[in-house]
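# A look at the structure
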Amino acid sequence: MLRHVILLTDAHEAPAFELIEALRLAGVRTLIEGLREAGAARAPRPTPESVDEISELPLAVLYEVVPGADMVEIQGAIEQATTSWPGTPLIACRRQLSGFHGQTYRSLDGATLKRLGFRAIADKAAQLPAILHEIEGHGATGDLKLPDIVSAPEKSSATQLPARIKSSSLRAAFELVSSLHFIGDQSSAAYTALAGLAPLVQADRWTIYLFSEDKGPEPATLEPVASLNPDDAVADASDEWRRLLMAGETMPLGSESKATKLAAAGMGTIRKLEHGEQFLAVPLVCGERILGVLEGNRRRRAFRKAEIEILTALSLPVASALANAVRIGEAERLSQTDDLTKLHNARYLRQFLLNEIRRARRYGTSVAALFLDLDDFKRVNDAHGHLAGSHVLMEMAAVILSSIRDTDAVARYGGDEFVIVLPDTQIDLAGTVAERIREKISRHQFNAGRNLKLSLTASFGVAAFPLHASSPQQLIASADTAMYEAKAANKNCIRFSTSRYRERKVSGELNSGTNMTEHDDAKPFS
């Protein structure tokens, strides 16, 4: 027999198309029944023969609730549902109005609808299949136990901490919120949030799931980004909750509870008993979007109302921090990325080179820099236009990246100039890398976005720390000078820096009067 639901609707109001379509796609047949007028006689119920292949008892009774709905009409729908289909779950389906009416009329909140007799509230038609699936899994009898929907997500962001809260908990909550500002990646923000929540509400495990950013045809999936088991944390870390970060774990895909799946589907905060454990799932909502779910579970008592209120209130700044982390990380990436080639820019290069030279000083290793400039690149722009020249630079970035290690860094220094930094690389090996790139460029056919098949060459300058320089600025300057020497030597060749810097310690610091001598012991490639 086909599953079916009853949809109660006003005779003057057609049901929402989205609702009917969501049920159809879920394989649920919908029987529409109009609301009776007050005092009207009860209409005869259809017999099984008149609804062929449909079970007599519906899976649920649905009623659309619009903003500004008449309370008398809602009470009439509830009475008709309970009288005609006793024991059948009654589900409220919110209908969102657009335009002026959507902004003027106020919707009844989830708590009010539950008090009126609705067992579940669907804020969107897409949530209905998940609700019906949960109902079907438990059966539609008197023993039906729906998940405990603590609250439906409301548009208002005025969620507050409980009125009665300990001063220590209040301080911990404010410390958590302040710690979430300006975190530049989601993983750090998630672990910081869990470390701050653990002392406020006890649980055997805390996990934050976020929807994947996959934009393919497959639906977005929940991925665990942070998990925390407070019992495994440092014993004396109660006053220093940041040390709980040491207890971070990795959860496998598909490990989320049913409560988390329901919360992710938009059913609000869910409290549910699964496999002998108490689960609490709080949706992380930022604006109109559910980013993910905060999940807590424990084997002891169920989560209390005060604990749920604390987590619901703190879920807002946590969700905002997770969303901001993406924006901050993206802004940081863009500030260090060349718009055209998507390589690093000079700003990133300076910091990367500074870090690598510090590391080389500490471990006594070498850092090499290659400075390359395309030969006669102006001719490409003059002959084919600047758009073609831009395509050539993008192709050049791909050629260079295919010739170096993952640990190396490439930056577009300006115009048609590129700098490659090779950590832990001696001068001879740097020359070998430069020659490999030079040959690859000379053999490559650049199509410039128009299948032009252009042939180009490049001139290289090579320098190394500490052989030729004692600072990042000197290293780039030495490689740049060597590159101009390659230009003077008929281009399409490699030259090494001819400056040698010697570091001398004076009172524990570098002598500002460092000597500079010339050398010619490295033979140029040509």
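Preceding this section is the structure that the text describes.
The text that follows walks through the structure, step by step, so that each part is easy to find. (Residues numbered from 1 in each chain as written. Predicted model: local features only at pLDDT ≥ 70, side-chain atom pairs only at ≥ 80, totals over all residues. Heavy atoms only, no water.)

### Observations regarding the nonpolar core
- W206, I208, L284, L294, L311 and L322 are the most contacted members of the largest nonpolar core, which has 36 residues in total.
- Element by element, the count of residues in this core is highest for helix α9 (residues 305-335), at 10 residues.
- Beyond its immediate sequence surroundings of up to four residues, I208 is in contact with A190, A193, L194, E223, P224, V225, A226, L284, V293, L294, V318 and L322.
- In this structure, L343, L370, L454 and F496 belong to the second largest nonpolar core, which totals 35 residues. (Core = buried A, V, L, I, M, F, W, Y, C linked by side-chain atoms within 4.5 Å. Buried < 20%, exposed > 50% of the residue type's maximum accessible area, 1.4 Å probe, protein only. Helix = DSSP H or I, 4+ residues; strand = E, 2+ residues; numbered from the N terminus. Contact = heavy atoms within 4.5 Å.)

### A closer look at the pairing of strand β10 (residues 269-274)
- Here β10 runs beside strand β11 (residues 277-286); their pairing, made up of five bridges, is antiparallel. Paired with R271 across the strands is L280, a residue of β11.
- Counting the residues in the hairpin turn of β10 and β11 gives two residues, including H275, whose phi is positive at 55 degrees. (Pairing = 2+ DSSP bridges.)

### Notes on helix α12 (residues 386-401)
- Helix length check: α12, at 16 residues, gives a terminal C-alpha distance of 23 Å against a target of 22 Å (1.5 Å per residue), a fit within 8%.
- What α12 keeps buried is the set A388, G389, V392, L393, E395, M396, A397, V399 and I400.
- Looking at the buried positions of α12, the neighbouring elements they touch are β13 (367-374), α11 (377-384), β14 (409-414), β15 (417-422) and α13 (427-443). (Expected span 1.5 Å × (residues − 1).)

### With respect to the packing of aromatic side chains
- Considering all chains together, one arrives at three aromatic pairs under this definition.
- Their ring planes at 55 degrees and their centres at 6.4 Å tell us that W206 and F303 sit as a pair that is tilted. Residue W206 is found in strand β7 (residues 205-211), and its partner F303 is found in the loop between β12 (289-298) and α9; the two are separated by 97 residues along the sequence.
- Each ring, one from Y348 and one from F352, has its centre 5.8 Å from the other, and the planes form 20 degrees; the classification is stacked. Here Y348 pairs with F352, and both are found in helix α10 (residues 346-363), just four residues apart, close to one helical turn.
- F352 sits in the buried class, given a relative accessible area of 14%.
- Directly above the aromatic system of F303 lies the positively charged group of R298, at a separation of 4.0 Å from the ring centroid. (Phe/Tyr/Trp six-rings, centres within 6.5 Å; stacked < 30°, edge-to-face > 60°. Lys NZ or Arg CZ within 6 Å of the ring centre and 35° of its normal.)

### Some thoughts on unusual backbone geometry
- The omega torsion across F465 and P466 is 5 degrees, close enough to zero to call that bond cis.
- Its place among the elements puts P466 in the loop between β16 (458-465) and α14 (472-488).
- At D376, a residue that is not glycine, the phi angle is positive and equals roughly 55 degrees.
- Positionally, D376 belongs in the loop between β13 and α11.
- For D376, a relative accessible area of 32% corresponds to the partly exposed category.

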